[in-house]
Amino acid sequence: MYPDSLCDSIAIVDATREKRKGEELLRLTSAEMEGLLRRYHPDYREAGFRNLRIGANRGDRTTHEIADLLEAFSNLDHSKISLEPEFDTDVLVLGGGGAGVTAALFAESMGARVILATKLRVGNSNTIMALGGMQASVHEDDSPVRHFADTMGAGKFAGKRELVKTMVEDGPAIVKWLLELGVDFDRDEEGNLATRKAGGITAPRIISIGDYTGLNIMKVLKDEIRKGEGIEVMEFAPAVELTTNGFGECNGAVLFDLGRKRHFTVRARAVVLATGGSGRLHFQGFPSSNNFGATGDAIVLAYRAGARLEGIDSFQYHPTGVMFPDHMVGVLVTEAARSLGGQLVNGKGERFINELETRDACSAAIIRECEEGNGVRTPAGKVGVWLDTPLIEETQGKGFLKRRFPSMYRHFMRVKIDISKRPLLTYPTLHYQNGGILIDEKGETTVRNLFTAGEAAGGIHGRNRAMGNSLLDIFVFGRRAGLAAAKRKYSEPGNVTLGHVYRYYDRLKSLRISSVATSPTLFPEFIVSKL
Ligand SMILES: Cc1cc2nc3c(=O)[nH]c(=O)nc-3n(C[C@H](O)[C@H](O)[C@H](O)COP(=O)(O)OP(=O)(O)OC[C@H]3O[C@@H](n4cnc5c(N)ncnc54)[C@H](O)[C@@H]3O)c2cc1C
């Protein structure tokens, strides 16, 4: 329920709705876009960044939070860990979200023995939180070429062409695979896949399942994992370090058994890192839409092993994170709400950006409004702008929001906010890691036998990921990484060592880098205190 102070502001939104309805806001020119981003987007705030002093990306810019972790020692006493492998397998997959589960299924399909180890339970991930949908060029008015152009453009042409090409070309086949497994994407009246446009996309290309797309897909994939006889699942077992052999090739990982509070080692012919992104590092103090496991562990582990990172100074702040009520701050309101006509409205009842601009531009515009005093302040002192959801209900028909966004509708009804009658107060929330560990088309990193898929990987989305491209990317590169990793099953893994970690530590010491942080983080501080 909204307090009186916010109800006064909502009255302004209600009073201006009729006038705003027919209003056309021009799209930004590229010069305007550039100016807006440089001035207001968090990626351009120099105070939030510094250059790395060590490793394959020495000299590159990244956030203080990531630099702190990459320049830190681990909190483990490595000399006390037994490196005698307790388990030996062909493919070790780390991470039980969409990318990891897909990699495990495809590796197993090639006859490889697979261990899938994850921090909490399989499925506990950003993937199950994905709301709005997935891109794939399945509509007759669309093509992989258009999808390629849209993705490159959204990413400011900083994405790697060969990776983008791979993703968009594999898209239709990935949809077919999911359909064959039983994923029940929404259909139109004629029974075809229902597709729609979204910010920065030129063709109807988003497919979804209500507003719980990720949850539905993961339910199906989890069943497949349980059926897979060649896949051993280890839950509550986060990876805390990779292992390497005498040639610096990856050959396993040290895991931490959260239940028994002990470390153990798994040896493998190939490792797929699929531990997701880093939203829970809360860069520059931003709220986050991410699950608690998203602490950037993949970057830390791979970097110590020598892997090169790509685009690790670029992050996505989703324009519409919840700003009220306080306990929901950071929770995502799907972009589909804007695609379907939800307007962004400041405290004066004015629109200030075309809502179909890319996410980075919408976020920068919201930050501008709030910094220039046009925002709306909550009793807790937080500032945001309104997302006019009642306008969607008005234009699409009574009952639409409840039908189209059942999950969001229910969540807000619990706090006595009926989104068909009341707008939502929103502000950008840290949502996605645009960069990550550099991969090639097979998902392999610059460290041999170390593969990466999903949000942990870098090079695909350039400086801004388009809506729906992450769900596609995790299945495309999860599949590719799983297949390629399985082909290493006849290779000789060699001795399991932490040589790369000791060399990294020596380098830290010789550069006189000392850090208060330890890494990997595994859990955000506010969770650790409750464990
Ligand atoms: C609220 C929300 C809505 C979204 N909506 C969409 C959408 O509509 N469309 C879209 O395309 N994208 C969307 N995204 C983005 C997309 O869901 C994610 O980028 C994607 O699912 C990431 O998949 P992943 O498998 O790489 O990582 P995740 O799904 O996050 O899985 C990573 C797994 O690794 C585990 N893990 C972490 N650290 C370790 C460790 N050290 N050892 C072992 N395991 C570890 C985690 O616990 C987790 O299980 C959304 C994201 C969020 C947060």
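Parameters and conventions
- Residue positions are counted from 1 within each chain, in the order its sequence is given.
- Reporting of local features is limited, given that this is a predicted model, to residues whose pLDDT is at least 70; pairs of side-chain atoms are given and counted only at 80 or more, and all residues count toward the totals for whole chains, interfaces and linings.
- To get the side-chain values, take all heavy atoms of the structure and skip hydrogens and water.
- Put simply, DSSP marks the helices as runs of H or I at least four residues long and the strands as runs of E at least two long, and each gets a number from the N terminus on.
- The size measure is the radius of gyration over C-alpha atoms, and the globule rule it meets is 2.2 Å times the number of residues to the 0.38 power.
- Only protein chains enter the accessibility calculation, which uses a 1.4 Å probe. A residue is then buried if its area is under 20% of the maximum for its type, exposed if over 50%, and partly exposed in between.
- Contacts between residues were defined by any pair of non-hydrogen atoms, one from each residue, lying within 4.5 Å.
- Computed with a 1.4 Å probe, the accessible areas rest on the Shrake-Rupley method; for each residue, only the protein chains presented here act as cover.
- At least two bridges found by DSSP between two strands is the condition for calling them paired.
- Crossover handedness is defined here as right-handed if the route from the first strand over the helix to the second strand goes clockwise, with the strands pointing away from the viewer.
- In this text, near means that some heavy atom of the residue lies within 4 Å of the molecule or strand in question.
- Whenever two N or O atoms come within 3.5 Å, that pair is a polar contact, provided that in protein one can donate a hydrogen and the other can accept it, and provided that, for residues adjacent in sequence, both atoms are side-chain atoms.
- Nonpolar residues are Ala, Val, Leu, Ile, Met, Phe, Trp, Tyr, Cys and Pro. Charged residues are Asp, Glu, Lys and Arg, and all others, Gly as well, are polar.
- Any Lys or Arg side-chain nitrogen found within 4 Å of a carboxyl oxygen on Asp or Glu counts as a salt bridge.
- Residues belong to one nonpolar core when they are buried, are Ala, Val, Leu, Ile, Met, Phe, Trp, Tyr or Cys, and are joined through side-chain atoms within 4.5 Å.
- Where each domain starts and ends follows an automatic or database-derived domain assignment.

1. What about the overall build of the chain?
At step 1: Of regular secondary structure, the chain possesses 16 helices and 19 strands.
At step 2: A compact globule built from 531 residues should have a C-alpha radius of gyration of about 24 Å, and the chain, at 23 Å, falls within 12% of that.
At step 3: In terms of its C-alpha atoms, the chain occupies a principal-axis envelope of roughly 70 × 55 × 45 Å.
At step 4: Classification of the 531 residues of the chain by burial places 62% in the buried group.
At step 5: Taking contacts inside the chain between residues at least 6 apart in sequence as the whole, the part at least 24 apart equals 73%.
At step 6: About 20800 Å² of surface is accessible on the chain, with carbon and sulfur atoms providing 51% of the total.

2. Observations concerning the pairing of strand β3 (residues 87–94)
At step 1: With respect to burial, β3 is a largely interior element, 6 of its 8 residues being buried.
At step 2: Alignment of β3 against strand β4 (residues 114–117), held across 4 bridges, turns out to be parallel. Bridged to Val-91 within β4 is Val-114.
At step 3: With helix α4 (residues 98–109) bridging β3 and its parallel neighbour β4, the resulting β-α-β unit is right-handed.

3. Side note on the site of the ligand
At step 1: Taken together, 39 residues sit near the ligand, with Asn-124, Thr-127, Gly-133, Glu-455 and Ser-470 positioned nearest.
At step 2: A distance of 2.9 Å separates an oxygen atom of the ligand from a polar backbone atom of Ala-99.
At step 3: Interatomic distance of 2.7 Å between a side-chain N/O atom of Ser-470 and an oxygen atom of the ligand.
At step 4: In isolation the ligand has 1000 Å² of accessible area, and contact with the protein removes 98% of it.
At step 5: When residues of the shell around the ligand are traced back to their parent elements, those giving at least two are α4, β16 (424–433) and α14 (469–486).
At step 6: Among the residues making up the shell around the ligand, the classes are represented as 13 nonpolar, 22 polar and 4 charged.

4. A look at unusual backbone geometry
At step 1: Omega for the peptide link from Phe-324 to Pro-325 comes to 0°, which places this bond in the cis form.
At step 2: The residue after Ser-519, namely Pro-520, is reached through a cis peptide bond having omega 0°.
At step 3: Its location among the elements puts Pro-520 in the loop between α15 (499–510) and α16 (525–528).
At step 4: Although it is not a glycine, His-282 adopts a positive phi angle of roughly 50°.

5. Examining the environment of Arg-61
At step 1: Within the fold, Arg-61 resides in strand β2 (residues 61–63).
At step 2: Taking the C-alpha atoms as reference points, Arg-61 and Leu-163, 102 residues apart in sequence, are found 22 Å from one another.
At step 3: Once residues lying within four places of it in the same chain are set aside, the contact partners of Arg-61 are Asp-43, Tyr-44, Glu-46, Phe-49, Arg-50, Asn-51, Ile-312 and Asp-313.
At step 4: Of note is the side chain of Arg-61, whose polar atom sits 3.0 Å from the side chain of Glu-46.

6. Observations concerning the sheet that holds strand β11 (residues 309–310)
At step 1: Reading across the sheet, the 3 strands line up as β11-β17-β19 and stay open at both edges, with mixed pairing between neighbours. At either end of the open sheet lies a strand with only one pairing partner, and these are β11 and β19 (457–458).
At step 2: For β11 and strand β17 (residues 436–438), the ladder comprises 2 bridges, and the chain directions are antiparallel. When the bridges of β17 are listed, Leu-309 appears paired with Ile-437.

7. Digging into the pattern of salt bridges
Oppositely charged side chains may form a pair once their charged atoms are brought near each other.
At step 1: Following the criterion strictly, the structure yields 41 salt bridges and no others.
At step 2: Between Arg-267 and Asp-88 there is a salt bridge, with the nearest N and O atoms lying 2.9 Å from each other. In this pair, Arg-267 is assigned in strand β10 (residues 262–273) and Asp-88 in strand β3, connecting sequence segments 179 residues apart.
At step 3: Using a relative accessible area of 34% as the deciding quantity, one classes Asp-88 as partly exposed.

8. Remarks on the nonpolar core
At step 1: Counting 100 residues, the largest nonpolar core has Leu-70, Leu-92, Leu-94, Leu-242, Leu-255, Trp-386 and Phe-412 as its most contacted members.
At step 2: Per-domain counts for this core show at least three residues from each of domain 1 (4–40 + 318–430) and domain 2 (87–314 + 434–500).
At step 3: In this view, Leu-242 contacts Leu-94, Cys-250, Gly-252, Ala-253, Val-271, Leu-273, Leu-301, Ala-302, Ala-305, Leu-450, Leu-498 and His-500; residues no more than four positions away in its chain are not counted.
At step 4: Within the second largest apolar cluster, 56 residues are counted, among which are Ile-174, Phe-185, Leu-193 and Val-476.

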